[in-house]
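Here are the chains, one letter per residue:
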Amino acid sequence: MRTTILIPVLTLLLTAACGQATEPTRTHDIVPEDYFDLIGLGNLAVSPDGAWIAHTESRWGSGKEGRSGDLWVVSRDGRERRRLTFDGLGPSGVVWAPAGPAGRNGKAGQAIWFLGREDADGDSPPRDGSRQVWRIDPAGGAPLPVTRAEKGVLDVAVAPDGASLYYKVARDHSDEDWRDMRTRYADLEYGHGERSLHAVRRLDLATWRDEEVLPADQVIWEMALSPDGHRLALITTDDNELIFKEGWSRVEVADLATGAVTDVTGADWREG
């Protein structure tokens, strides 16, 4: 009898509760113009001590002529937030690393390294609009250009001790079968026969000596330094068409002291 009575009572209570829940009041109808108010977040990077998070924000500029991106840092508890760049550098590839090699007083302070471009109507890098490596103090201040690669930088990795950085650049390569024809008929547009291959260079942050450590003989899609900074992991292909990355990519490890590259996947790793 008690069960028979409880079921209708519970049903009434649930019905009443559902009736009290009201739909949220809409105060604005979404229109196409709202797209220009959206903020894009990306390139999250956590500081080594876990206290700060660096990130990028992209917004539409005045006149809605296009998006511009800048670098921000926010404390882990969300109570403090700082904007670090104001010039629309379009930062990407954000990483925390020492500001340089350790001096006599011990370890160097942390800096935020990133790829960005500044178009200051210059005729040469780094202020000609090409993408270069930049460095900035997390506490604020002017960003400093670090590289001056002629055609820009595609990727960067900073050594754990802050003594050097490695960056990727592109080199145009014409296939042998088409090289003579391209030379004779340079005004024609060719559908194939030319590839963009990648070299890796090392910049010594103490002496500022710049040297090539891996030649431009393949396409490097991604790269990452080992924790000790002695090796570089690579995802590579022979061609820069996307289908090669999806079907014929390989993982390689480069010994930065000797330049030796080892294919750790093997030719038949997809058959497993």
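Residues numbered from 1 in each chain as written. Predicted model: local features only at pLDDT ≥ 70, side-chain atom pairs only at ≥ 80, totals over all residues. Heavy atoms only, no water.

(A) Structural detail: the overall build of the chain. Helices and strands together make up the secondary structure of the chain, namely three helices and 15 strands. Residues classed as buried in the chain amount to 35% of the 272 residues present. A separation threshold of at least 6 residues defines the contact pool for the chain, and within that pool the share at least 24 residues apart is 36%. Only carbon and sulfur atoms are counted for the fraction: they give 52% of the accessible area of the chain, which is about 17500 Å². (Helix = DSSP H or I, 4+ residues; strand = E, 2+ residues; numbered from the N terminus. Buried < 20%, exposed > 50% of the residue type's maximum accessible area, 1.4 Å probe, protein only. Contact = heavy atoms within 4.5 Å. Areas by Shrake-Rupley, 256 points an atom, 1.4 Å probe, with all protein chains shown as cover.)

(B) Summary view of the sheet that holds strand β5 (residues 92-98). The four strands are arranged β5-β6-β7-β8 in an open sheet whose pairing can be described as antiparallel. Looking at strand neighbours, the two that pair on one side only are β5 and β8 (144-145), the edges of this open sheet. Here five bridges tie β5 to strand β6 (residues 110-119), and the two strands are oriented antiparallel to one another. Residue pairing across strands places A97 opposite A111, the latter belonging to β6. (Pairing = 2+ DSSP bridges.)

(C) Examining the sheet that holds strand β2 (residues 52-60) more closely. If you walk across this open sheet you meet the four strands as β1-β2-β3-β4, and the pairing is antiparallel. Single-partner strands in this sheet number two, and they are β1 (40-46) and β4 (81-83). Strand after strand, the sheet turns through a mean of 25° between neighbouring axes, direction not considered. With three bridges connecting them, strand β3 (residues 67-75) and β4 associate as antiparallel partners. Of the residues in β4, the one forming a bridge with V74 is R81. (Axes fitted to C-alpha atoms, helices over the stretch in contact; angles between N-to-C directions.)

(D) Fine view of the pattern of salt bridges. Summed over all chains, the structure comprises 13 salt bridges. Residue R81 pairs with E57 through a salt bridge whose shortest N-O separation is 1.8 Å. One end of the pair, R81, is in strand β4; the other, E57, is in strand β2, and 24 residues separate them in sequence. By relative accessible area, which is 6% here, E57 ends up buried. (Salt bridge = Lys/Arg side-chain N within 4 Å of Asp/Glu carboxyl O.)

(E) Structural view of the nonpolar core. One finds W113, V133, V146, L165 and Y167 to be the most contacted residues of the largest nonpolar core, which totals 16 residues. Secondary-structure elements contributing two or more residues to this core are β6, β9 (155-158), β10 (164-174) and β11 (194-204). (Core = buried A, V, L, I, M, F, W, Y, C linked by side-chain atoms within 4.5 Å.)

(F) Seen up close, the environment of H198. In this structure, H198 sits in strand β11. Look at H198 and you get buried, because its relative accessible area is 10%. Spatially, the C-alpha atoms of H198 and R171 are 5.9 Å apart, while their sequence positions differ by 27 residues. Among all residues touching H198, those that are not within four sequence positions of it are L154, K168, V169, A170, P215, A216, D217, Q218, V219 and I220. Reaching out from H198, the side chain makes a polar contact with the backbone nitrogen of I220 at a distance of 2.9 Å. (Polar contact = N/O pair within 3.5 Å; in protein donor to acceptor, adjacent residues only side chain to side chain.)

(G) Fine view of the side chain of E252. With respect to the element layout, E252 can be found in strand β14 (residues 250-255). Each residue touching E252, except ones within four places of it in the same chain, is listed here: Q218, L232, A233, L234, T236, V261, T262, D263 and V264.

(H) How the structure looks around the side chain of S130. Counting through the fold element by element, S130 comes out in strand β7 (residues 128-136). Side-chain polar atoms of S130 contact the side chain of D128, separated by 2.7 Å. Every residue in contact with S130, bar those within four places of it in the chain, is listed here: G116, R117, E118, P125, A149 and G152.

(I) The pairing of β6, seen in detail. Counting buried residues in β6 gives seven out of 10 residues, a clear majority hidden from the surface. Here β6 pairs with β7 via seven bridges, running antiparallel. Bridge assignment links I112 to a residue of β7, and that residue is I136.

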